[in-house]
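Here is what each chain is made of, one letter per residue.
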Amino acid sequence: MEQKIRKTLEDIKDTDSLIEYLKYPYYGFSSAYHYTSLEALYQIFKNKTLRFSRMSAMNDSFERELFCDNKDFFFCLSKGKEDIFENFGMWAMYGKLNNSKTDDPTKIGVKIYFSKENLQRLLVENKKIIPHSVAYANIIENYENPKNLKVRVGSHTANISDFDIKKHSGFLKDTAWKYENELRLRIPCTTERLTDKIKDISISEEILASLKIYPSPIYDCDTCKKIFLNLSKGGGLVPKFENNVYRQTLKMD
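Presented here is an overview of the structure given in this document.

1. Description of the overall build of the protein chain
A tally of helices and strands in the protein chain yields nine helices and 13 strands. Here the C-alpha atoms of the protein chain give a radius of gyration of 19 Å, agreeing with the 18 Å that 2.2 N^0.38 yields for 253 residues. Dimensions of the protein chain, computed from the C-alpha atoms along their principal axes, are close to 55 × 45 × 35 Å. A buried classification covers 46% of the 253 residues belonging to the protein chain. Pairs at least 24 apart in sequence give 78% of the contacts found in the protein chain among residues at least 6 apart. Surface exposure of the protein chain reaches about 13600 Å², of which carbon and sulfur atoms provide 48%. Put simply, the protein chain has 40 plus and 35 minus side-chain charges, and the middle of one group is 3 Å from the middle of the other.

2. Quick word on the sheet that holds strand β7 (residues 149-153)
Taking strand neighbours across the sheet as the criterion, the four strands line up as β8-β7-β6-β9 in an open arrangement whose pairing is mixed. In the strand order of this sheet, the two ends are held by β8 (156-160) and β9 (172-174), each with one partner. On average, each strand axis in the sheet is inclined to that of its neighbour by 35°, with strand direction left out of account. In this sheet, β9 lies alongside strand β6 (residues 135-137) in parallel orientation, the contact comprising three bridges. When the sheet's bridge partners are listed, Ala-137 is paired in β9 with Asp-174. Across the sheet, helix α1 (residues 15-22) is in contact with β6, β7 and β8; its angle to β7 comes to roughly 10°.

3. Focus: the packing of aromatic side chains
Applying the stated criterion to the full structure yields eight aromatic pairs. Considering the side-chain rings of Phe-45 and Phe-228, the 6.1 Å spacing of their centres and the 85° angle between planes classify their relative orientation as edge-to-face. Taken as a pair, Phe-45 in helix α2 (residues 38-47) and Phe-228 in helix α9 (residues 221-232) lie far apart in primary sequence, 183 residues in all. The burial state of Phe-45 is the same as that of Phe-228; both residues are buried. Relative to Tyr-246, the ring of Phe-88 lies with its centre 5.8 Å away and its plane at 85°, an arrangement referred to as edge-to-face. With Phe-88 in helix α4 (residues 88-94) and Tyr-246 in the segment after β13 (240-241), this pair connects stretches of sequence that are 158 residues apart. Note on Phe-88: relative accessible area 30%, which makes it partly exposed. According to the relative accessible area criterion, Tyr-246 is partly exposed, its value standing at 27%. An aromatic cluster is present here, built from Tyr-42, Phe-45, Phe-228 and Phe-241 joined pairwise through their rings.

4. Some words on the packing of α2 against α9
Taken N-terminus to C-terminus, the directions of α2 and α9 make an angle of 50°; their axes are 10 Å apart at the nearest point. Here α2 is positioned oblique relative to α9, judged by the angle of their axes. Of the two elements, α2 crosses α9, and the hand of that crossing is right-handed. Taking contact as the criterion, the partners of Leu-38, Glu-39, Leu-41, Tyr-42 and Phe-45 in α2 are, on α9, Cys-224, Ile-227, Phe-228, Leu-231 and Ser-232. Per-class residue counts for the contact of α2 with α9 are eight nonpolar, one polar and one charged.

5. Regarding the pattern of salt bridges
Pairing between side chains of opposite charge can happen when their charged atoms approach one another. Under the criterion given, the structure shown has nine salt bridges. Residues Lys-111 and Glu-86 are paired through a salt bridge, measuring 3.4 Å at the closest nitrogen-oxygen approach. Of the two residues, Lys-111 sits in strand β4 (residues 109-115) while Glu-86 sits in the loop between β3 (73-80) and α4, which places them 25 residues apart along the sequence. Its salt-bridge partner being Lys-173, residue Glu-182 comes within 3.6 Å of it at the nearest N-O pair. Across this residue pair, the class does not change: Glu-182 and Lys-173 are buried. Residues participating in the shared-partner salt-bridge network are Glu-63, Lys-173, Glu-180, Glu-182 and Arg-184.

About the cut-offs
Residues numbered from 1 in each chain as written. Predicted model: local features only at pLDDT ≥ 70, side-chain atom pairs only at ≥ 80, totals over all residues. Heavy atoms only, no water. Helix = DSSP H or I, 4+ residues; strand = E, 2+ residues; numbered from the N terminus. Rg over C-alpha atoms; globule rule 2.2 N^0.38 Å. Buried < 20%, exposed > 50% of the residue type's maximum accessible area, 1.4 Å probe, protein only. Contact = heavy atoms within 4.5 Å. Areas by Shrake-Rupley, 256 points an atom, 1.4 Å probe, with all protein chains shown as cover. Lys, Arg positive; Asp, Glu negative; His and termini not counted. Charge placed at Lys NZ, Arg CZ, Asp CG, Glu CD. Pairing = 2+ DSSP bridges. Axes fitted to C-alpha atoms, helices over the stretch in contact; angles between N-to-C directions. Phe/Tyr/Trp six-rings, centres within 6.5 Å; stacked < 30°, edge-to-face > 60°. Parallel < 35°, antiparallel > 145°, perpendicular 65-115°, else oblique. Left-handed = near helix turned anticlockwise from the far one by under 90°. Nonpolar A, V, L, I, M, F, W, Y, C, P; charged D, E, K, R; others polar. Salt bridge = Lys/Arg side-chain N within 4 Å of Asp/Glu carboxyl O.

Encoded structure:
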C-alpha cells in the first residue's frame, strides 16, 4: 500500500490541505501545557480523568457563534517547550493570575506539563481522541467574504483559496488568540445526548505520575502541595510539583 505523504507548510493552499496539515500536530514543538486551577488538578488526580468540554464552553464567543453547529468535545493545551520561558497572557486568561493570593484552590492557578511522549501515550490509551493544531486568521472582519483568506500556522502564512465553515470548525480561530499557540485534543460527538456538556476520559496513573505541575508565578511548590494534600486528606497520588522559575517576580498590586 502506498504510504500517504504528509502535507508541508508549503502545501497549504486550500481548506483540505490546511486541515490535513493541522491533523499532524507534532511538528515544531516538544511539549504542551494545560492551564487550570489547583482544584481542577485535584479532580484530575482524584478521578484519574481529563474533562473534555463542548465548544459552547470556549472563551472565544465569536468562535462559538461562527461554528455553532460543532458538537464535539475538546481539551485545550498550549504548545510550548520545556524551558524557562513563560506566557503571562495564558496565566492571566486561564491560570487565575488576576486573583489575590489565597488558600482557596479554585483561585490558585497551575499549569500541567504534558511531554510529547505523554500525549502520545494518552492517545494510545484513548483511541477516540483526535489531536490537532489550530490556525489563526482575521476571520471577524473577513468571514463573510473569505476568499483568499490569509491564515497563520505557527510562523508561516498561507492564502486559503476557499473557506468551508463546517470543515474549519474547531481548527480556526481569530488572530487575536494567536498567542495561545493552541493544540486541541478532540473527541467527535457520536451517540452523546445534545444536553451532555462534558465528557470525562480516563488517564492512567503512569501518565499522571510523570506529569510536571508548575504553580503560577505568585505561588510556590510547598504552598500548592500543602493545599493539595489537604484536599486529598493525605491519600492518593500526589502530583510532581516544580517551582515556576518566575515565582516572586510578578507584582500584581
